[in-house]
Structures are given as structure tokens and as C-alpha cells.
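Here's the letter readout for the chains.
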Amino acid sequence: MAQVLTQKYVVGADDFAAAGAASAAVKKTLKQLSFPVDFIRRTSIAMYEGEINMVIHGGGGIASVEIYEDCVKITLADTGPGIPDIEQAMQEGFSTATDSIRELGFGAGMGLPNIKKQSDEFEIISEIGKGTKLTITLNANS
Amino acid sequence: MKLEQIMEVLEAKVCTDAAFDDIEILAACGSDLMSDALAFGENKGLLLTGLNNPQCIRTAEMMDINCVVLVRGKEPDDALVTLANEKEIVVMRTDYSMYTSCGLLYSAGLSGGDIS
Ligand SMILES: Nc1ncnc2c1ncn2[C@@H]1O[C@H](COP(=O)(O)OP(=O)(O)OP(=O)(O)O)[C@@H](O)[C@H]1O
Ligand SMILES: [Mg+2]
């Protein structure tokens, strides 16, 4: 399967207003490459939720996106506090977000479960004090 | 329902430059928490929210939502309007609360798309 292109973005945690810019750029690229609309939406939603998590929980990180002819692989890696209990974090409604995060529009505890739902392959690795790495793959014809 | 009619029902004011005469909205969702909208707002054309920051526009962008209505009389933040203009997403503001705004639109025939 031929790789079409790779993109890398630095996702900073200091500018909340700019959060989502990487996902927006990927969405634009996928549109230019004429991927199906539904696939682009799924990919954008999943990446955006992951990007926001990196900003609000992970202290920022790196988003790497590999675009193939019929799928996209996204890796979001941060060097934040890590997730103590991944199973719990994956549950709908579980959130450690503070009121100040909720005032910014996040903290429903819906992000991770939704990323999993949108993705065809989903892997999350996290180590306390080291960081979190989320790797997802979305197939265009699934 | 046409955006024009939504504007009338909510007595809303438009805050962006994009034209919207022809935009037809088939269903709407309302939330102040964006992940809630991102998880349940599939195939909605309209997002009602009290969240006055650019992330409501990012959310709309990711979901292919054409219009965001800011409820409770909020004057949209400049960065929100700038991003919406860049993405050609229509932003309106209404003085009605979230509950009343949703109720008015629902009574006027705009469904949430989740019950038939
Ligand atoms: N990158 C990360 N680094 C550290 N903790 C994380 C990270 N991503 C998620 N978490 C933890 O997992 C929890 C659940 O994440 P999830 O995205 O499902 O919900 P949320 O971000 O709290 O709220 P929402 O996504 O609905 O806005 C978070 O509250 C946080 O404790
Ligand atoms: Mg989240």
C-alpha cells in the first residue's frame, strides 16, 4: 500500500484558542486528496478529540499523520502526566477535567470512547510521569 | 428548515460574513460541552451552544456543521468570529436560553434527528 504523504505537527498547550489547528490542517489535506466525506469527518473528529486531550491533559505533544491511498494512521504522543487507569479513562463519562476546563467546553468524558468508536484500529499506551501515546488507524472503505 | 427561518424563529442576529440564503438545516444539536456534540451530533447541520470560544467553530468544522447559534445573548468573541469567517461557518446569536432556543426550533419543525 503506497504511502501518499506524512505530516507532523507540534501541538502546544499554551494557546487553547489554537487547539484543533492540526486536525483542521489534516482535514483540509484529506479534502484535497478527495477522500470520502464520511471518512474525512470520522478522521477529523477522532484526531480533534485526541488533539484536545493532548492540550488539556497532556501538556501538548506531537501529532504525526501518515496518509495512505485508502487509510490514515494518526499518532498523538505527549510527555504529560500519563493515565493511571486506562480502562477507567475509556469509559463514557469518566473525566478528571476541572471546572476551568469545563468552562472551555471540554470534560464530558466522551473524547476517548468517541475516538475508539470512530477508528478502525485503536491503541493507547500510557506511563505515569512519562506520557501518553495514542495510535489510531481509519480505513476509507469501512 | 432554511437558516433564514431559524434566524427569524430565534430572533437571532448574524455575526459572520458568509452567505446563507440557501442553507437547509435538517436537524440540530445543542450542548455547551463540545465532546458531547462530537459524540452525538452526527449529521446535524446546526449547533446551539453557550460556549463562547473558537472551539465551538472547530467542532462545527470537524463535524461539517454549517451554523453555530450562540445562546443566552452572548456577544461572540472576536477569535470565534474570525475563525468562523475563515471557515465560512455562519454564527448567529440569540437572547433566548438554550432550553427556549431548542424548544422554539423544535416546535417550528426542526428535529434533533434522533427520534422519528
Ligand atoms: N493525553 C492525556 N494525558 C493524560 N490524561 C489523559 C489524556 N487523555 C485523556 N486523559 C485522561 O482520560 C480522561 C478521559 O478522557 P476523555 O477524552 O474521554 O474525556 P475528557 O477529555 O475528560 O472530556 P471530553 O473529551 O468529553 O471533553 C481525562 O479526563 C483524563 O483524565
Ligand atoms: Mg477528551
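Below, the structure is looked at part by part. (Residues numbered from 1 in each chain as written. Chains lettered and ligands numbered in written order. Predicted model: local features only at pLDDT ≥ 70, side-chain atom pairs only at ≥ 80, totals over all residues. Heavy atoms only, no water.)

### So, the interface of chain A and chain B
Here comes step 1: Listed as interface residues are 25 residues of chain A and, on the opposing side, 20 residues of chain B.
Here comes step 2: Together chain A and chain B conceal approximately 1900 Å² of surface at their shared face, both sides included; 57% is due to carbon and sulfur atoms.
Here comes step 3: Linking chain A with chain B are 2 salt bridges.
Here comes step 4: For the salt bridge of R41 of chain A with D64 of chain B, the shortest nitrogen-to-oxygen distance reads 3.1 Å.
Here comes step 5: On inspection of chain A and its partner chain B, the count reaches 12 residue pairs in polar contact (both at pLDDT 80 or more).
Here comes step 6: Where the side of chain A that touches chain B is concerned, the elements lending two or more residues are α1 (21-32), α2 (37-56), α4 (99-103) and α5 (111-118) of chain A.
Here comes step 7: Ranked by the residues each element gives to the side of chain A that touches chain B, the list is headed by α2 of chain A, at 7 residues. (Contact = heavy atoms within 4.5 Å. Buried area = accessible area lost by both parts, 1.4 Å probe. Salt bridge = Lys/Arg side-chain N within 4 Å of Asp/Glu carboxyl O. Polar contact = N/O pair within 3.5 Å; in protein donor to acceptor, adjacent residues only side chain to side chain. Helix = DSSP H or I, 4+ residues; strand = E, 2+ residues; numbered from the N terminus.)

### Some words on the pattern of salt bridges
Here comes step 1: This model, assessed by the stated rule, comprises 11 salt bridges over all chains.
Here comes step 2: The partner of E61 of chain B in a salt bridge is K87 of chain B, with the nearest N and O atoms 3.1 Å apart. Pair noted here: E61 of chain B is in helix α3 (residues 55-63) and K87 of chain B is in helix α4 (residues 78-87), with a separation of 26 residues, a long-range link.
Here comes step 3: K87 of chain B sits in the partly exposed class, given a relative accessible area of 28%.
Here comes step 4: Residues joined by salt bridges that share partners form a network here, namely K27, D38 and R41 of chain A together with D64 of chain B. (Buried < 20%, exposed > 50% of the residue type's maximum accessible area, 1.4 Å probe, protein only.)

### Side note on the state of the cysteines
Here comes step 1: As enumerated under the stated definition, the model contains 0 disulfides over all chains in all.
Here comes step 2: With no disulfide of its own, C102 of chain B lies 9.0 Å from the sulfur of C29 of chain B, the closest cysteine sulfur. (Disulfide = S-S within 2.5 Å.)

### As for the sheet that holds strand β4 (residues 121-127) of chain A
All names here are of chain A.
Here comes step 1: Spatially, the 5 strands line up as an open sheet ordered β1-β2-β3-β5-β4, and their pairing is antiparallel. Only two strands of the sheet have a single partner each, and these edge strands are β1 (3-11) and β4. Taking the axes of each pair of neighbouring strands and ignoring which way they run, one obtains an average angle of 10° across the sheet.
Here comes step 2: Alignment of strand β2 (residues 61-68) against strand β3 (residues 71-78), held across 7 bridges, turns out to be antiparallel. Looking at β3, one finds that V65 is bridged to I74. (Pairing = 2+ DSSP bridges. Axes fitted to C-alpha atoms, helices over the stretch in contact; angles between N-to-C directions.)

### Looking at the site of ligand 1
Here comes step 1: The full set close to ligand 1 counts 21 residues, and H57, S95, T96, G107 and M110 of chain A are the nearest of them.
Here comes step 2: In this structure, ligand 1 is bordered by residues of chains A and B.
Here comes step 3: The separation between an oxygen atom of ligand 1 and a polar main-chain atom of L112 of chain A is 2.9 Å.
Here comes step 4: With the chains in place, 95% of the 600 Å² that ligand 1 exposes on its own is no longer accessible.
Here comes step 5: For the shell around ligand 1, the elements supplying multiple residues, two or more each, are α2 and α5 of chain A.
Here comes step 6: Considering each element in turn, the shell around ligand 1 owes the most residues, 3 residues, to α5 of chain A.
Here comes step 7: Considered class by class, the residues forming the shell around ligand 1 number 8 nonpolar, 11 polar and 2 charged. (Near = heavy atom within 4 Å. Areas by Shrake-Rupley, 256 points an atom, 1.4 Å probe, with all protein chains shown as cover. Nonpolar A, V, L, I, M, F, W, Y, C, P; charged D, E, K, R; others polar.)

### What to know about the packing of aromatic side chains
Residues and elements named next belong to chain A.
Here comes step 1: Inspection of the entire model under this criterion finds 3 aromatic pairs over all chains.
Here comes step 2: Ring centres of F35 and F39 lie 5.2 Å apart, and the angle between their planes is 35°; this geometry places the pair in the tilted category.
Here comes step 3: Exposure remark for F35: the relative accessible area of 11% places this residue in the buried category.
Here comes step 4: Judged by relative accessible area, F39 falls into the buried class, the value being 2%.
Here comes step 5: With 6.3 Å between their ring centres and 75° between their planes, Y48 and F106 make a pair best called edge-to-face. Of the two residues, Y48 sits in helix α2 while F106 sits in the loop between α4 and α5, which places them 58 residues apart along the sequence.
Here comes step 6: When its relative accessible area of 2% is taken as the criterion, F106 is described as buried.
Here comes step 7: Here a set of aromatic residues connected by ring pairs shows up, and it is made of F16, Y48 and F106. (Phe/Tyr/Trp six-rings, centres within 6.5 Å; stacked < 30°, edge-to-face > 60°.)

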